[in-house]
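Listed here are the chains, written in short residue letters.
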Amino acid sequence: GTGKSLYARYLAQELGINFVLKRAGDLMSKWVGETEQNIADAFAEAKSKKAMLIFDEADSFLQNRQNANKSWEVSQVNEMLTWMESHEYPFVCTTNLLATLDEASLRRFTFKIKFDFLTSEQVNYGLNHFFGLQDVSCNLKGLTTGDFATVKKKADFLGINDVNEIISMLKEEIKINKETKSEDQDI
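To keep things clear, this report deals only with the structure shown in the data block. Quantities reported herein were computed from a predicted structural model and do not represent experimental measurements. (Residues numbered from 1 in each chain as written. Predicted model: local features only at pLDDT ≥ 70, side-chain atom pairs only at ≥ 80, totals over all residues. Heavy atoms only, no water.)

1. A word on the nonpolar core
Where a protein is soluble and globular, its nonpolar side chains tend to be buried together. Going by this rule: To qualify as a nonpolar core, a set must consist of buried Ala, Val, Leu, Ile, Met, Phe, Trp, Tyr and Cys residues joined through side-chain atoms within 4.5 Å. We call a residue buried when its accessible area falls under 20% of the maximum for its residue type, exposed when it is over 50%, and partly exposed in between, using a 1.4 Å probe and counting protein chains only. Helix numbering and strand numbering both begin at the N terminus, where a helix is a DSSP run of H or I of at least 4 residues and a strand a DSSP run of E of at least 2.
One finds Phe43, Leu53, Phe55, Leu62, Met80, Met84 and Cys93 to be the most contacted residues of the largest nonpolar core, which totals 21 residues. Contributions of two or more residues to this core are made by α3 (34-49), β2 (52-56), α4 (71-86) and β3 (91-93). Membership of the second largest hydrophobic core comes to 17 residues, among which are Leu118, Leu133, Leu143 and Val151.

Below, the structure written as structure tokens:
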């Protein structure tokens, strides 16, 4: 909900190249060796298209090998690491679980960018962008753009347009964030 994948697509656009987006479901397989082949195919597809490769929720296949119980858990990380070193076009991995990534993968990322909660200025922009609210005096900390999108959907569904109810709904999202995001970190 912080805009990691959207930012990666924006970055590709700014670089003037297409992108190939892969999610864990596109790569993970129950068959031994097929995940590794899917990873190789993803890199080959990006290369053939001269495109930026974006792996969304990369923690699904870059888990720390020290915690591996099965040989395939190690081989899929090894496959990814090998391709990360040799791929000639830009690639991006997103995760909410930085602490679970294999240490060797972290050394292969040129840039590591943390997407944090919105600043006060960004919250005011979000209130205007999502709800058309301007000059609202509130001090909301701990929100992401995804929180605004969630509250917007909820408010539209329930027919809510009262500023106080919207602020209350955003505060509820902050409360939920504090319960779940204390362990997570977005990069």
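2. Structural notes on the sheet that holds β2
This is how it is decided: Here the rule is simple: two strands pair whenever DSSP picks up at least two bridges between them. Axes here refer to lines fitted to C-alpha atoms; in helices the fit is confined to the stretch in contact. Angles between the N-to-C directions go from 0 to 180 degrees. Throughout, a residue-residue contact means that at least one pair of heavy atoms, one from each residue, lies within 4.5 Å.
The parallel open sheet is built from 3 strands, whose spatial order is β1-β2-β3. The sheet is open, and its two edges are formed by β1 (19-23) and β3, each paired on a single side. Going across the sheet, the axis of each strand differs from the next one's by a mean of 15°, ignoring polarity. Relative to β2, β1 runs parallel, the two sharing 5 bridges. In the strand pairing of β2, Leu21 is matched with Ile54. Contacts from helix α1 (residues 4-15) reach β1, β2 and β3 within the one sheet, and its direction differs from that of β2 by about 180°.

3. A short note on unusual backbone geometry
Its identity is not glycine, yet Glu57 carries a phi of approximately 55°, on the positive side. Phi is positive for Asp135, close to 55°, though the residue is something other than glycine. Examined against the element boundaries, Asp135 turns out to sit in the loop between α6 (120-131) and α7 (145-158).

4. Looking at the pattern of salt bridges
Filter applied, for reference: Counted as salt bridges are all cases of a side-chain nitrogen of Lys or Arg within 4 Å of a carboxyl oxygen of Asp or Glu.
All told, the structure shown has 6 salt bridges when counted by the stated rule. Of the charged contacts in the structure, one is a salt bridge between Asp156 and Lys152, with a shortest N-O distance of 3.1 Å. Of this pair, Asp156 and Lys152 are both found in helix α7, 4 residues apart, which corresponds to roughly one turn of the helix. According to the relative accessible area criterion, Asp156 is partly exposed, its value standing at 49%. Taking the relative accessible area as the measure of exposure, Lys152 reaches 27% and is therefore partly exposed. Salt-bridge contacts for Lys154 lead to Glu173; the nearest nitrogen and oxygen are separated by 3.6 Å. You can see Lys154 sitting in helix α7 and its partner Glu173 sitting in helix α8 (residues 163-180), a full 19 residues away along the chain.

5. Considerations on the packing of aromatic side chains
Given two aromatic rings, one states the distance between the centres and the angle between the planes to describe the pair. Selection criterion: For Phe, Tyr and Trp, where Trp contributes only its six-membered ring, two rings pair if their centres lie within 6.5 Å, and the inter-plane angle classes them as stacked under 30 degrees, edge-to-face over 60, or tilted in between.
Here the structure, examined in full by the defined rule, presents 9 aromatic pairs. Plain terms: the ring middles of Tyr7 and Tyr10 are 6.0 Å apart, the flat faces sit at 40° to each other, and that makes the pair tilted. Remark: Tyr10 and Tyr7 occur in helix α1; sequence separation between them is 3 residues, near one turn of the helix. Of the residues examined, Tyr7 reaches a relative accessible area of 34% and is grouped as partly exposed. Classification of Tyr10 as partly exposed rests on a relative accessible area of 43%. Geometrically, the ring pair formed by Phe91 and Phe109 is tilted, given 6.2 Å between the ring centres and 45° between the ring planes. With Phe91 in strand β3 and Phe109 in the loop between α5 (103-107) and α6, this pair connects stretches of sequence that are 18 residues apart. Looking at Phe91, the relative accessible area reads 18%, which means it is buried.

6. Quick look at α3
In an α-helix, one turn spans 3.6 residues; hence positions three or four apart end up facing the same way. Stated precisely, the cut-off is as follows: One fewer than the residue count of a helix, multiplied by 1.5 Å, yields its expected span.
The end-to-end C-alpha distance of α3 is 22 Å, a good match for the 22 Å that 16 residues give at a rise of 1.5 Å each. Among the residues of α3, those classed as buried are Thr35, Glu36, Asn38, Ile39, Ala40, Ala42, Phe43 and Ala46. Lys50 sits one or two residues past α3 and shows a positive phi near 50°.

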